[in-house]
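# Chains, contacts and geometry: an overview
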Amino acid sequence: MTHPGIELCGATVYDAVTDGSVHADAICALNERFPASAAVTAIMDLTVEAEAFGASVRFSQDDIPAVVGRLLTGPESVRDHVVPGLDSGRVGEYLKANRLVASRISDKPVYGGCIGPFSLAARLYDISEFMMALYLDTDTACLLLDKCTEFITNYVSAMKEAGIDGVIVAEPAAGLVSNDDCFTYSSVYVRKIVDAVQDSSFKVILHNCGNMGQCTDAMVRSGAAALHFGNRTDMVQALKECPADLEVMGNIDPVGIFRQSSPETVKNATLALLEATSEYPNFILSSGCDIPPHTPMENIAAFYEALEYFNDQG
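Heads up: these notes are all about the structure in this document. (Residues numbered from 1 in each chain as written. Predicted model: local features only at pLDDT ≥ 70, side-chain atom pairs only at ≥ 80, totals over all residues. Heavy atoms only, no water.)

### Topic: the pairing of strand β4 (residues 110-115)
- Extensive coverage of β4 is indicated by the burial of 6 of its 6 residues.
- Side chains Val110, Gly112 and Cys114 project from β4 onto one buried face, and the interleaved Tyr111, Gly113 and Ile115 project onto a second face that is buried too.
- Relative to β4, strand β1 (residues 40-41) is paired through 2 bridges, and the arrangement is parallel. Note that in β4 the partner of Thr41 across the bridge is Tyr111.
- For β4 and strand β5 (residues 166-170), the ladder comprises 5 bridges, and the chain directions are parallel. Note on β5: the bridge partner recorded for Gly112 is Val167. (Buried < 20%, exposed > 50% of the residue type's maximum accessible area, 1.4 Å probe, protein only. Helix = DSSP H or I, 4+ residues; strand = E, 2+ residues; numbered from the N terminus. Pairing = 2+ DSSP bridges.)

### Things to note about the environment of Thr140
- Inspection of the secondary structure puts Thr140 in helix α9 (residues 138-161).
- In this structure Thr140 touches Pro75, Val78 and Tyr125, once residues within four positions along its chain are discounted.
- Separated by 2.7 Å, the side chains of Thr140 and Asp137 make a polar contact. (Contact = heavy atoms within 4.5 Å. Polar contact = N/O pair within 3.5 Å; in protein donor to acceptor, adjacent residues only side chain to side chain.)

### Quick look at the nonpolar core
- Among the nonpolar cores identified, the biggest contains 105 residues, and Phe118, Leu124, Phe130, Leu144 and Tyr155 are the most heavily contacted of them.
- Looking at this core element by element, the count peaks at 10 residues for α9.
- The residues touching Leu144, leaving out its near neighbours within four places in the chain, are Leu72, Val78, Ala121, Leu124, Tyr125 and Phe130. (Core = buried A, V, L, I, M, F, W, Y, C linked by side-chain atoms within 4.5 Å.)

### Re the sheet that holds β5
- Taken together, 7 strands build an open sheet; the order of strands is β1-β4-β5-β6-β7-β8-β9 and the sheet is parallel. Edge positions in the sheet fall to β1 and β9 (283-287), since each of these pairs with one other strand and no more.
- The strands touched by α9 are β4 and β5; relative to β4, the strand with the most contacts, the crossing angle is about 165°. (Axes fitted to C-alpha atoms, helices over the stretch in contact; angles between N-to-C directions.)

### Notes on empty space enclosed by the protein
- Scanning the entire structure with this criterion turns up 1 cavity of 30 Å³ or more.
- Of the voids in this model, the largest cavity is the one considered here, and its volume is about 30 Å³.
- In this structure, the largest cavity is lined by Ala42, Ile43, Tyr94, Asn98, Gly112, Gly113, Tyr155 and Met159.
- Taken together, the residues of the lining of the largest cavity sort by class into 5 nonpolar, 3 polar and no charged. (1 Å grid on protein atoms, 1.4 Å probe; cavity = no way out; pocket = protein on both sides within 12 Å on 5 of 7 lines; lining within 4 Å. Points joined across faces, edges and corners; volume = space filled by probe spheres on them. Nonpolar A, V, L, I, M, F, W, Y, C, P; charged D, E, K, R; others polar.)

### Some words on unusual backbone geometry
- Here Gly250 and Asn251 are connected by a cis peptide whose omega angle stands at -20°.
- Mapped onto the fold, Asn251 is located in strand β8 (residues 247-252).
- In the Ramachandran plot, Asp126 falls in the positive-phi region, its phi being about 85° despite a non-glycine side chain.
- Among the secondary structure elements, Asp126 is positioned in the loop between α7 (117-125) and α8 (127-136).

### Digging into the packing of aromatic side chains
- Enumeration according to the criterion identifies 8 aromatic pairs in this entry.
- Here Tyr125 and Phe130 contribute two aromatic rings whose centre-to-centre distance is 6.4 Å and whose plane-to-plane angle is 75°, an arrangement assigned as edge-to-face.
- Relative accessible area serves as the criterion here: at 6%, Tyr125 is assigned to the buried category.
- Taking 5.1 Å as the distance between ring centres and 50° as the angle between the ring planes, the aromatic pair formed by Phe258 and Phe303 counts as tilted. Of this pair, Phe258 sits in helix α13 (residues 254-259) while Phe303 sits in helix α15 (residues 297-313), and the two are 45 residues apart along the sequence. (Phe/Tyr/Trp six-rings, centres within 6.5 Å; stacked < 30°, edge-to-face > 60°.)

### Structural notes on the side chain of Thr270
- Within the fold, Thr270 resides in helix α14 (residues 263-276).
- Those residues in contact with Thr270 that sit more than four places away from it in its chain are Ile252, Leu285, Phe303 and Ala306.

### Focus on the packing of α7 against α9
- With their axes 9 Å apart at the nearest point, α7 and α9 run at an angle of 115° to one another. Here α7 and α9 pass one another in a crossing that is right-handed. Here α7 contributes Pro117, Phe118, Leu120, Ala121, Leu124 and Tyr125 to the contact with α9, which in turn contributes Thr140, Leu144, Leu145, Cys148, Thr149 and Ile152. (Left-handed = near helix turned anticlockwise from the far one by under 90°.)

In short, shape yes, function no, at least from these values alone.
See below:
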């Protein structure tokens, strides 16, 4: 939840996604406004890594950036493409935001964000073409996944060095495939990132808002310390399929509930989810994905009021 913080600062989305100082100010402003949050997070901007590879990105003042077109067009382009350094694109500004927030907030965890290997590969190669490559040109698909994983590992390692407490790895495109394919082409690669950076002081949280329930097992097998589910997942069913010692987070609809409904609807939906998951001590209440720009502040307040009410009753 960072976009509402941008509005609290009187800045634009473009300001925050291009300037690490504005980005950090937004996170800190939001933390001051809603101190009940258990952690703070960076913007979930899934264009940063693709831009670093050379993809074209479309920016607007008040909406999240978007990748435009296809960067890689076949086996030769994948083979010849060099894994970028961390001085590419806006990576440095995001690392700057992580570093600034880590220096300013010390009473709760600070989490960075990045795209996952599968979703990055799909953005670079075109998602439809990449899906076909998984079956028709597996060597090319896996080579691209290797390169994406190498870059993301380097990026997350730099986040760790910046002093934050963990990272949310977003793999929405991996929710479009079966459990077996999600494991083979996403979780195996996420596991390489986990093995490289996760320890007692740094947590990897795997987010997959594309998962409709069919690939929860693959997410568990990634080795991530926590799993974060989107609103398309049955939260109770996901909890049943996850180990009791694994933190499981989700999943109030960020658009239909947070952005578009009333405070009363937000409160009722939040209480209903808390009641449904009450027997699972490993459940952590959250939105199902990033809170979008122009979400009413009173709706966010209603979410925290519902949580406080529920906990007081318990």
